[in-house]
Amino acid sequence: MTISVGEKLPNVTMVKATANGPEQVQSSDYFAGKKVALFSVPGAFTPTCSAKHLPGFVEKADDLKAKGVDEIVGTAVNDAFVMGAWNQAAGSDDITMLADGNADFAEGVGLTMDGSGFGMGKRGQRFSMVVNDGVVEQLNVEEGGEFKVSSADYMLDQL
């Protein structure tokens, strides 16, 4: 069942990509006490994700923070090394990458997809959400193959 606005995020282990290597974090602790703009992509380095999704959040980081966002988080069903390399290649210091290598977060929020037709296995859907103190305030889930409602611009309009 897909998470809804007003519900608390599931408590799962994710892995933060840091300059010092992977760091395990518990989602309940990580999202506590702050307002987070979170976006999820099917995979780092994939075409739409790299050409549009991540660059939009990089470009709009200051605008999001001006609207009260404390942190911008990108997540995907990839390992922390891939997420860190993707942020180095196309992201910025304004984006925190949380790897969901086992799809625990994507499953916990009920937003997985089957990418096996593309050799990708189980992945997280393309979505974005505003999370305030661990509670979902806004949730924007894309239809298959779309990129509209999960963009940084769309989120800015919601804030």
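Details of the structure are given in the entry above.
Residue positions are given per chain, counted from 1 along the sequence in the order it is written. Local features are withheld for residues below a pLDDT of 70 in this predicted model, meaning they are given only at 70 or higher, and side-chain atom pairs are given and counted only at 80 or more; totals for whole chains, interfaces and linings count all residues. Heavy atoms throughout the structure, all of them, feed into the side-chain values; hydrogens and water do not.

Caption draft 1: Summary view of the overall build of the protein. Of regular secondary structure, the protein possesses 6 helices and 9 strands. The C-alpha atoms of the protein give a radius of gyration of 14 Å, which matches the 15 Å a tight globule of 159 residues would have. Along the three orthogonal principal directions, the C-alpha set of the protein runs to about 40 × 35 × 30 Å. A simple rule labels every residue: compare its accessible area, found with a 1.4 Å probe on the protein chains alone, to the largest value its type can have, and call it buried under 20%, exposed over 50%, or partly exposed in between. Within the protein, the proportion of its 159 residues that are buried is 47%. Strands here mean DSSP runs of E at least two residues long; helices mean DSSP runs of H or I at least four residues long; both are numbered from the N terminus. Note that the radius of gyration is over C-alpha atoms, with the globule rule given as 2.2 Å times the number of residues to the power 0.38.

Caption draft 2: Region of the structure containing the packing of aromatic side chains. Between rings of Phe, Tyr and Trp, where Trp is taken as its six-membered ring, a pair exists when centres lie within 6.5 Å; planes separated by under 30 degrees are stacked, by over 60 edge-to-face, and by other angles tilted. The tally for this structure, following the rule as stated, stands at 2 aromatic pairs. A centroid spacing of 5.7 Å and a plane angle of 80° characterise the contact between Y30 and F31, whose relative ring orientation is edge-to-face. Here F31 falls in the buried class, since its relative accessible area comes to 0%. Arranged with centres 4.4 Å apart and planes meeting at 10°, the rings of F39 and F57 form a pair that is stacked. Here the residue F39 occupies a position in strand 3 (residues 35–40), and F57 occupies one in helix 2 (residues 47–59), the gap between them amounting to 18 residues.

Caption draft 3: Fine view of the environment of I3. Within the secondary structure, I3 is located in the segment before strand 1 (13–18). On the accessibility criterion, I3 (6% relative accessible area) is buried.

Caption draft 4: Structural context of helix 4 (residues 80–90). If you check which residues of helix 4 are buried, you get A80, M83, G84, W86 and N87. For helix 4, the arc enclosing every buried residue in end-on projection is 160°, short of the 170-degree limit, so these residues lie on one face. For helix 4, the exposed residues lying more than 90 degrees away from the buried face are F81, Q88 and A89. Its side-chain oxygen at 2.9 Å from the backbone nitrogen of F81, D79 defines the N-terminal cap of helix 4. The directions from the helix axis to the C-beta atoms form the arc being described. The term polar contact refers here to a pair of N or O atoms within 3.5 Å; inside protein, the definition further demands a hydrogen-donor-capable atom paired with an acceptor-capable atom, and it admits residues adjacent in sequence only when both atoms are side-chain atoms.

Caption draft 5: Broad picture of unusual backbone geometry. Positive phi, normally seen in glycine, also occurs at A103, with a value near 65°. Looking at the secondary structure, you find A103 in the loop between strand 5 (95–99) and helix 5 (104–108). A residue is classified by how much of its surface remains accessible, and A103, at 2% relative accessible area, is buried. Of note, D133 is a non-glycine position whose phi angle comes to about 55°, a positive value. Counting through the fold element by element, D133 comes out in the loop between strand 8 (127–132) and strand 9 (135–141).

Caption draft 6: Summary view of the nonpolar core. The term nonpolar core refers to a set of buried residues drawn from Ala, Val, Leu, Ile, Met, Phe, Trp, Tyr and Cys, joined through side-chain atoms within 4.5 Å. Of all hydrophobic cores here, the largest spans 21 residues; its most connected members are F39, F57, L64, I72, M83, W86 and I95. Elements with a minimum of two residues in this core: strand 3, helix 2, helix 3 (61–66), strand 4 (71–76), helix 4, strand 5 and helix 6 (152–158). Within the second largest apolar cluster, 18 residues are counted, among which are V25, L98, F105 and V136.

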